[in-house]
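Architecture at a glance
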Amino acid sequence: MKRGILVILLSILFATTARTQSSQSHQVRIVIPKVALIDVESAGSATVVLSLGKPNEAGHGLQAAAQNASGYWINYSSVLASGQPERKVMASLSGTAPEGIKVLLEASSYSGEGKGKNGISSGKKILSGEPTEIISNIGSCYTGNGVNNGHLLTFSLEVDEEKYEAVRHGDFENLRVTYTLTE
Amino acid sequence: MKSLLTTFTAIILFIGVVAAQDTNTHGHNVTISVPQVAIMDIEGPGGETSITLAATAPTEAGNGLDFSATNSSLWLNFTSVVSGGKSRKIQANVSGTLPGGVSLLVQAGAISSTGKGNRGKAVANAITLGTTDQDIVTDIKSGYTGNGVNNGYPLTYSLAMDENAYENLLHGSQTVTVTYTITAEN
């Protein structure tokens, strides 16, 4: 009988420790890295060649170079931090540019396989040693990689009529355009 | 233990005797109570249950972030004893704010060979965690998984990015809480 009571007591003990519902939580930290990458892609590696046209008629000046859709595309990847201003692409020209000649660059509007808030073309800009904005309003986005993704670059030349006397015949090589993705 | 068994046998015999004869004897009722049990917890290596999932930055301009990182370090342990005909399930939800466009997914893998009994079955596909509970393991009856990592159901966490919401993505880290509950299924 004593043992019987023991069994009953044990049963009661078990019953009081029983739980029929249970929850547990844990934390998951999700990390999104900061990203600011830019490059220029083309199908080949050809240098962009820009030429001014001869006048057809004595008495006229040099003709502006035809638009040269260079085949170069700007690709970029961008992830902004909270509160960070949107980014832009700046272009600058280094090397000795011919005097009296303006080098112009226009980024096309965005097209491609990317996603997010891709940038807006700033239109045709004269390149100089100082960085000039060619694309603005870049948020968190990516353009897609390679040609036909991002912004196509189109170059052109114009004679600076005010400096016509400084224009000299010749090939001007080793000019370099540098692109920077910046705030 | 042996003496306990003897006692049980004695009690059963005793009850039998009581039923057979209603004179000259004296008896009492014995209640044997097997408790309902539903205990569950999350186990991680070294007792650590906080995990990190990081998107990877591209190395090539023009490419998006890589969200393929996974984490499989946590395990779901439980002990369950049900009433006849009853079963239980484990559900999961997430609270807190996920980065813009990012979803958190979890899937229970194949149960370990440890433990005994009817330990249920994992839901076949990864579930996208939301604020409301969703089933992750169903059809649990009486069983236990064993305790600690490498026991029970392994949990694999992954991320998914809604590419159409990419512009909402911001650099930084955010911590959310995933809650599991073992509860009656029927």
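Look up: the structure comes first, before these words.
Residues numbered from 1 in each chain as written. Chains lettered and ligands numbered in written order. Predicted model: local features only at pLDDT ≥ 70, side-chain atom pairs only at ≥ 80, totals over all residues. Heavy atoms only, no water.

In terms of regular secondary structure, chain A is built from one helix and 12 strands. If you list the helices and strands of chain A from N to C, you get α-β-β-β-β-β-β-β-β-β-β-β-β. Burial status across chain A gives 38% buried among its 183 residues. Summing over all exposed atoms, chain A offers an accessible surface of approximately 10200 Å²; the carbon and sulfur share of this is 50%. (Helix = DSSP H or I, 4+ residues; strand = E, 2+ residues; numbered from the N terminus. Buried < 20%, exposed > 50% of the residue type's maximum accessible area, 1.4 Å probe, protein only. Areas by Shrake-Rupley, 256 points an atom, 1.4 Å probe, with all protein chains shown as cover.)

Turning our attention to the packing of aromatic side chains. Taken as a whole and assessed by the stated rule, the structure comprises two aromatic pairs over all chains. Judged by centre distance (4.8 Å) and plane angle (80 degrees), the rings of Tyr142(A) and Tyr166(B) are edge-to-face. With Tyr142(A) in strand β10 (residues 141-142) and Tyr166(B) in the loop between β9 (153-161) and β10 (170-184), this residue pair bridges two chains. Residue classification places Tyr142(A) among the buried positions, given a relative accessible area of 11%. Judged by relative accessible area, which is 2%, Tyr166(B) ranks as buried. (Phe/Tyr/Trp six-rings, centres within 6.5 Å; stacked < 30°, edge-to-face > 60°.)

Residue and element names in this part refer to chain B. In terms of residue burial, strand β1 (residues 37-43) counts as a mostly covered element, since five of its seven residues are buried. Here β1 runs beside strand β3 (residues 70-81); their pairing, made up of seven bridges, is antiparallel. What sits directly across from Glu43, in β3, is Trp75. (Pairing = 2+ DSSP bridges.)

Glancing now at the interface of chain A and chain B. Every contact between the two is made by 48 residues of chain A and, on the other side, 63 residues of chain B. Across the chain A/chain B interface, buried area totals approximately 4800 Å², and carbon plus sulfur atoms make up 59% of it. At the junction of chain A with chain B, the criterion picks out zero salt bridges. At the surface where chain A touches chain B, the tally comes to 28 residue pairs in polar contact (both at pLDDT 80 or more). Taken together, the elements giving at least two residues each to the side of chain A that touches chain B come down to α1 (2-17), β1 (22-32), β2 (35-41), β3 (68-81), β6 (115-116) and β10 of chain A. Top contributing element to the side of chain A that touches chain B by residue count: β1(A), with 11 residues. Per-class residue counts for the side of chain A that touches chain B are 21 nonpolar, 19 polar and eight charged. Pairing geometry for β1(A) and strand β2 (residues 51-54) of chain B, over four bridges, is parallel. By the bridge assignment for β2(B), Val28(A) is matched with Ile51(B). (Contact = heavy atoms within 4.5 Å. Buried area = accessible area lost by both parts, 1.4 Å probe. Salt bridge = Lys/Arg side-chain N within 4 Å of Asp/Glu carboxyl O. Polar contact = N/O pair within 3.5 Å; in protein donor to acceptor, adjacent residues only side chain to side chain. Nonpolar A, V, L, I, M, F, W, Y, C, P; charged D, E, K, R; others polar.)

Our focus in this paragraph is the pattern of salt bridges. Residue and element names in this part refer to chain B. If you walk through the whole model with that rule in mind, you get four salt bridges over all chains. Where Asp135 meets Lys89, a salt bridge forms, and the shortest distance between an N and an O atom there is 3.6 Å. In this pair, Asp135 is assigned in strand β8 (residues 134-144) and Lys89 in strand β4 (residues 88-95), connecting sequence segments 46 residues apart. Judged by relative accessible area, Lys89 falls into the buried class, the value being 17%. Among the ionic pairs, Asp139 bridges to Lys141, the shortest N-O distance being 3.9 Å. For Asp139, a relative accessible area of 27% corresponds to the partly exposed category. Among the residues examined, Lys141 registers a relative accessible area of 33% and is labelled partly exposed.

Let's shift gears to the sheet that holds strand β4 (residues 87-94) of chain A. All names here are of chain A. A sheet is described by the order of its strands in space; here four strands give the open sequence β7-β9-β4-β12, paired in antiparallel fashion. Where the open sheet ends on each side, the last strands, each with one partner, are β7 (120-121) and β12 (176-182). Pairing between β4 and β12: seven bridges, direction antiparallel. Each bridged residue has a counterpart across the sheet, and for Ser94 the counterpart in β12 is Arg176.

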